[in-house]
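Here is what each chain is made of, one letter per residue.
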Amino acid sequence: MNTDRRAGVAAAMLLGTGLVLMLVPPIVRDGVCGLTSCADQVPPIAVTRLSQDRIAVVVPDGAAASVRSVELLQGGSRGTGSQQWLIARSGRGHPSTFVVGSEPEGYRTVVGLRTPPAKDVWTAQVGFRCTTASLPFSPATLPVGEVRSWDGVVDGAKFAHEHVAERCATERGSTEVVLFLVGAAAAVAGAVLGIVVVLRRPVRFPEDPGDADGDEPAFDVEDGPPRGVS
């Protein structure tokens, strides 16, 4: 019994230590973003109609250098629509306005424009360094000259000068990686040891002597009561 108890304590300590090594370092580094790989701040994006047959995706000037891809999806919500157009960064150009279907300086076309946006719901999606911003819109209700973001219709000049730069969660270093691996190994070892301890316990039945209150019977019925007991 003492051996099983010591093994159970060891299993609990291993599991607890493993979880601490796995969870505490990323939380100290970036809070909840250390666990979920989220970012603290994402730049806004907008769409505008430049002319009857030209729609553009717009980002603030201060976020242009962080853009790595721009795409257009037909239907669906974030990342679930049918991809109709995609450009990816290939050079040093930092445009802040991306005309749908064109190839601005510093970018290459990955998926050419298949269907110009005209009706139904579309989604503009901009990939920054570590985050992605999405904006659903209806081309049929977007008049020429209007700039539309998540906040509704906005002033184009003010939107261009918004100072909402991307702020990414920092990446984990080599020490944190080692602690995570050690913690994972300790947690697995503790879980396995705990299972072994549980499986080694003898099966107890309600009719077994002493199960009700953990005490041995006061006397054996066949031998009769002890002396002095009537």
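Computed from a prediction, not measured in an experiment: that's the story for all the values here.

Remarks on the overall build of the protein chain
Then, in step 1: In terms of helices and strands, the protein chain carries four helices and ten strands.
Then, in step 2: The order of helices and strands in the protein chain, counted from the N terminus, is α-α-β-β-β-β-β-β-β-β-β-β-α-α.
Then, in step 3: Relative to its 230 residues, the protein chain shows a buried fraction of 34%.
Then, in step 4: Long-range contacts, defined as pairs at least 24 residues apart, comprise 60% of the intrachain contacts of the protein chain with a sequence gap of at least 6.
Then, in step 5: Working note: accessible area of the protein chain is about 14200 Å², and carbon and sulfur atoms make up 58% of it.

Remarks on the environment of Gly91
Then, in step 1: With respect to the element layout, Gly91 can be found in the loop between strand 4 (82-89) and strand 5 (97-99).
Then, in step 2: Overall, Gly91 belongs to the partly exposed group, its relative accessible area being 30%.
Then, in step 3: Distance from Gly91 to Gly106, taken between C-alpha atoms, is 4.0 Å for residues 15 residues apart in sequence.

Regarding the environment of Thr123
Then, in step 1: Tracing the backbone shows Thr123 in strand 7 (residues 122-127).
Then, in step 2: Between the C-alpha atoms of Thr123 and Ser82, which are 41 residues apart in sequence, the distance is 9.5 Å.

Considering the packing of aromatic side chains
How two aromatic rings sit relative to each other is set out by the distance from centre to centre and by the angle between their planes.
Then, in step 1: Taken as a whole, this structure holds one aromatic pair when the rule is applied.
Then, in step 2: Taking the centre distance of 5.4 Å and the plane angle of 85° together, the rings of Phe98 and Tyr107 count as edge-to-face. Both residues of the pair, Phe98 and Tyr107, count as buried.

As for the side chain of Ser149
Then, in step 1: Tracing the sequence through the fold places Ser149 in strand 9 (residues 147-149).
Then, in step 2: Setting aside its immediate chain neighbours within four residues, Ser149 contacts Ile45, Ala46, Leu135, Val154 and Phe159.

With respect to unusual backbone geometry
Backbone geometry follows two general trends: most residues other than glycine have a negative phi, and most peptide bonds adopt the trans configuration.
Then, in step 1: Backbone geometry at Asp120 places phi at a positive 65°, although glycine is not the residue there.
Then, in step 2: With respect to the helices and strands, Asp120 occurs in the loop between strand 6 (107-111) and strand 7.

Regarding the sheet that holds strand 2 (residues 54-58)
Then, in step 1: One open sheet holds the five strands; their spatial order is 5-2-1-9-10, and the pairing between them is antiparallel. Of all strands in the sheet, those bounded by a partner on one side alone are strand 5 and strand 10 (152-154). For this sheet the average axis-to-axis angle between neighbouring strands, irrespective of direction, equals 30°.
Then, in step 2: Of the pairings in the sheet, the one linking strand 9 to strand 10 comprises three bridges and is antiparallel in character. Looking across to strand 10, one finds that Ser149 is bridged to Gly152.

Let's talk about the pairing of strand 8 (residues 132-137)
Walk down a regular strand and you will see the side chains alternate between the two sheet faces.
Then, in step 1: Pairing geometry for strand 7 and strand 8, over six bridges, is antiparallel. Considered in strand 8, the bridge of Thr123 is made with Pro136.

A few points about the environment of Ala64
Then, in step 1: With respect to the helices and strands, Ala64 occurs in the loop between strand 2 and strand 3 (69-74).
Then, in step 2: The exposure class of Ala64 is buried, given its relative accessible area of 3%.
Then, in step 3: When sequence neighbours within four positions are dropped, the list of residues in contact with Ala64 reads Val59, Arg89, His94, Pro95, Ser96 and Tyr107.

Some details on the sheet that holds strand 7
Then, in step 1: Sheet architecture is open: five strands sit in the order 6-4-3-7-8, paired in antiparallel fashion. Looking at the sheet topology across the chains shown, the edges are occupied by strand 6 and strand 8. Across the sheet, the axes of successive neighbouring strands diverge by a mean angle of 15°, strand direction being ignored.
Then, in step 2: Relative to strand 7, strand 3 runs antiparallel, the two being bridged by six bridges. Residue pairing across strands places Ser69 opposite Gly127, the latter belonging to strand 7.

Rules and cut-offs
- Residues numbered from 1 in each chain as written.
- Predicted model: local features only at pLDDT ≥ 70, side-chain atom pairs only at ≥ 80, totals over all residues.
- Heavy atoms only, no water.
- Helix = DSSP H or I, 4+ residues; strand = E, 2+ residues; numbered from the N terminus.
- Buried < 20%, exposed > 50% of the residue type's maximum accessible area, 1.4 Å probe, protein only.
- Contact = heavy atoms within 4.5 Å.
- Areas by Shrake-Rupley, 256 points an atom, 1.4 Å probe, with all protein chains shown as cover.
- Phe/Tyr/Trp six-rings, centres within 6.5 Å; stacked < 30°, edge-to-face > 60°.
- Pairing = 2+ DSSP bridges.
- Axes fitted to C-alpha atoms, helices over the stretch in contact; angles between N-to-C directions.

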